[in-house]
Amino acid sequence: MNLGLKNRVVIVTGAASGIGKAVAQGYAKEKAILALADINLKGLQELKKSLKDVEVYVEKVDVTDAKSCETFVKNVAKKYGRIDILINNAGTAKMGDMATFPEETFRQHAELMMYAPVRLTNLCIPYFKKNGWGSVVNTASIFGKQPGGLISYDTIKAADIMITKDYSSYCAAFNVNVNAVCPGPVDTPLWYADGQLGDQLAGATGMKKKEAIDWFAKTNIPMGRYAKPDEIANAVIFLSSVPAHYITGVALNVDGGMVKSTI
Ligand code: NAD
C-alpha cells in the first residue's frame, strides 16, 4: 500500500524517546519531512543524526508552554511552507495513592497531555486549511477507556479521546481527519527508566522491576507481553496516511487484547 506520505511535513511531539521516536523513524522510512519537538534536545539531535537521507528539523519545545509551541509551529511553517500532519504524543504517567495524589502533579499532567494537544491542533489548523488536507493523531491510552488506577493519567487520557472526537467533527469540514491511538503498556522508558512506572510498580508489589513488569503483562494482557514502540508507531502512521483519510474520530486500541469492552 502506498501511504502517500512522501514529502508531507509531519510534526511529532515527544519525539526524543519511546513511541515518539519510533513514530519519527517510521515516517523517515516513508520519506516524510520531519519536524520533531521535545524538551530533550540532546535526544532529538541523536535521533536526527541516526536518520539518513531524510529532511529533519529538531527544536527544543516545552509543549506545556504556549509561547514555545507557537514559536515551533511558526518555525516549521516558515522552513517548509506547510504543515500536513500533527502527532500529539508527548506525555508521562505517575502511580500514586488517589486520596493523596498531588494536585500540582495532576495540573502538570493536564497541561502536558490535555491542553498541549488542543493548543498544537489549534496552531496547525490554519496550515491544514491552506493545504485543503491535514491529519492529527493523538496518543491517548487504553486507560482512557478503562481505569488503570492512575488517577491523573486515566482522567486526562479519557479527555484526549473526547478531544479527538470533538476535533474530528470540527475539522471534517476542511478535510482534516483526527484520530487517537490507545496503546496498552509499551516497552519504553516510561516503564523502564529509573523512577518510572516499572519502579513504581515494583514498589507497589514488592517485586523486582523486571519481575513486576512481566507479572503485569502475563496477568493483564492476553498476548502476554508489552507492545514494542514500532507496533504503536505503525498504527499512528497508518491513521495519518492518505488511504486512511476517511477514518476519523476513532480511538484505536493497540493493546494485545487488554481492553475488554467492545466499544
Ligand atoms: P517516553 O517517556 O519514552 O517519552 C515521552 C517523551 O515526551 C520524552 O522524550 C519526553 O522528554 C517528552 N516530553 C515530556 N514532557 C514534555 C514536554 N513538556 N514538552 C515536550 N516533550 C516532553 O514515553 P512513551 O512511553 O514513549 O510515551 C509517549 C506517549 O504515549 C505518552 O503520551 C504516553 O502517555 C503514551 N502512552 C504510553 C504507554 C506506555 O506504556 N509506554 C501506553 C499508553 C500511552
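For clarity, every value in this text was computed on a predicted model and none was experimentally measured.

**Some details on the environment of Phe72**
Okay, so step 1: Structurally, Phe72 is set in helix 3 (residues 66-80).
Okay, so step 2: Taking C-alpha positions, Phe72 is 8.5 Å from Lys60, a pair spaced twelve residues apart along the chain.
Okay, so step 3: The residues contacting Phe72, other than those within four sequence positions of it, are Ile11, Ala35, Leu36, Ala37, Tyr57, Glu59 and Val61.

**Overview of the domain arrangement of the protein chain**
Okay, so step 1: The domain architecture assigned to the protein chain consists of domain 1 (9-185 + 228-254) and domain 2 (187-226).
Okay, so step 2: The C-alpha centroid of domain 2 is placed 24 Å from the C-alpha centroid of domain 1.
Okay, so step 3: Domain 1 puts twelve residues into the contact, and the matching count from domain 2 is 13 residues.
Okay, so step 4: Interface of domain 1 and domain 2: buried area, both sides summed, is about 1,100 Å²; carbon and sulfur atoms make up 64% of it.
Okay, so step 5: The largest per-residue losses of area from domain 1 upon contact with domain 2 belong to Met95, Pro185 and Lys228, which jointly make up 53% of the total buried on that side.
Okay, so step 6: At the surface where domain 1 touches domain 2, the tally comes to two salt bridges.
Okay, so step 7: Residue Arg225 is joined to Glu231 by a salt bridge in which the shortest nitrogen-to-oxygen separation is 2.9 Å.
Okay, so step 8: Counting every contact that joins domain 1 to domain 2 gives three residue pairs in polar contact (both at pLDDT 80 or more).
Okay, so step 9: Where the side of domain 1 that touches domain 2 is concerned, the elements lending two or more residues are helix 1 (18-29) and helix 9 (229-239).

**Side note on the site of the ligand**
Okay, so step 1: Near the ligand you find 28 residues, and of these Ser17, Ile19, Asp38, Val186 and Thr188 are the closest.
Okay, so step 2: Asp38 is positioned such that a nitrogen or oxygen atom in its side chain is 2.6 Å from an oxygen atom of the ligand.
Okay, so step 3: For the ligand, whose unbound accessible area comes to 830 Å², protein coverage reaches 91%.
Okay, so step 4: Every element with two or more residues in the shell around the ligand is listed here: helix 1, helix 5 (151-172) and helix 6 (189-192).
Okay, so step 5: Sorting elements by how many residues they give to the shell around the ligand places helix 6 first, with three residues.
Okay, so step 6: Its residues placed into classes, the shell around the ligand shows 15 nonpolar, ten polar and three charged.
Okay, so step 7: Both domains that meet at the shell around the ligand, namely domain 1 (9-185 + 228-254) and domain 2 (187-226), each give it at least three residues.

**Some details on the nonpolar core**
Soluble, globular proteins show a tendency: their nonpolar side chains are buried together.
Okay, so step 1: Ile11, Val63, Phe72, Val76, Ile83 and Phe128 are the most contacted members of the largest nonpolar core, which has 55 residues in total.
Okay, so step 2: Put simply, the parts of the chain that give this core at least two residues each are strand 1 (9-13), strand 2 (33-38), helix 3, helix 4 (103-131), helix 5, strand 6 (176-183), helix 7 (197-205) and helix 8 (209-220).
Okay, so step 3: Split by domain, the residues of this core number at least three in each of domain 1 (9-185 + 228-254) and domain 2 (187-226).
Okay, so step 4: Residue contacts for Val63: discarding those within four places in its chain leaves Thr13, Cys69, Ala90, Leu112, Ala116, Arg119 and Leu120.
Okay, so step 5: Formed by 35 residues, the second largest nonpolar core is a distinct cluster that contains Ala16, Tyr27, Leu36 and Val58.

**Some remarks on unusual backbone geometry**
Trans is the common state for peptide bonds, and a negative phi is the common state for residues other than glycine.
Okay, so step 1: Even without being glycine, Lys31 reaches a positive phi, approximately 65°.
Okay, so step 2: In this fold, Lys31 is placed in the loop between helix 1 and strand 2.
Okay, so step 3: Its identity is not glycine, yet Asp53 carries a phi of approximately 55°, on the positive side.
Okay, so step 4: Within the element layout of this structure, Asp53 appears in the loop between helix 2 (41-50) and strand 3 (56-60).
Okay, so step 5: By relative accessible area, Asp53 is classed as exposed at 69%.

Calculation criteria
Residues numbered from 1 in each chain as written. Predicted model: local features only at pLDDT ≥ 70, side-chain atom pairs only at ≥ 80, totals over all residues. Heavy atoms only, no water. Helix = DSSP H or I, 4+ residues; strand = E, 2+ residues; numbered from the N terminus. Contact = heavy atoms within 4.5 Å. Domains from an automatic or database assignment. Buried area = accessible area lost by both parts, 1.4 Å probe. Salt bridge = Lys/Arg side-chain N within 4 Å of Asp/Glu carboxyl O. Polar contact = N/O pair within 3.5 Å; in protein donor to acceptor, adjacent residues only side chain to side chain. Near = heavy atom within 4 Å. Areas by Shrake-Rupley, 256 points an atom, 1.4 Å probe, with all protein chains shown as cover. Nonpolar A, V, L, I, M, F, W, Y, C, P; charged D, E, K, R; others polar. Core = buried A, V, L, I, M, F, W, Y, C linked by side-chain atoms within 4.5 Å. Buried < 20%, exposed > 50% of the residue type's maximum accessible area, 1.4 Å probe, protein only.

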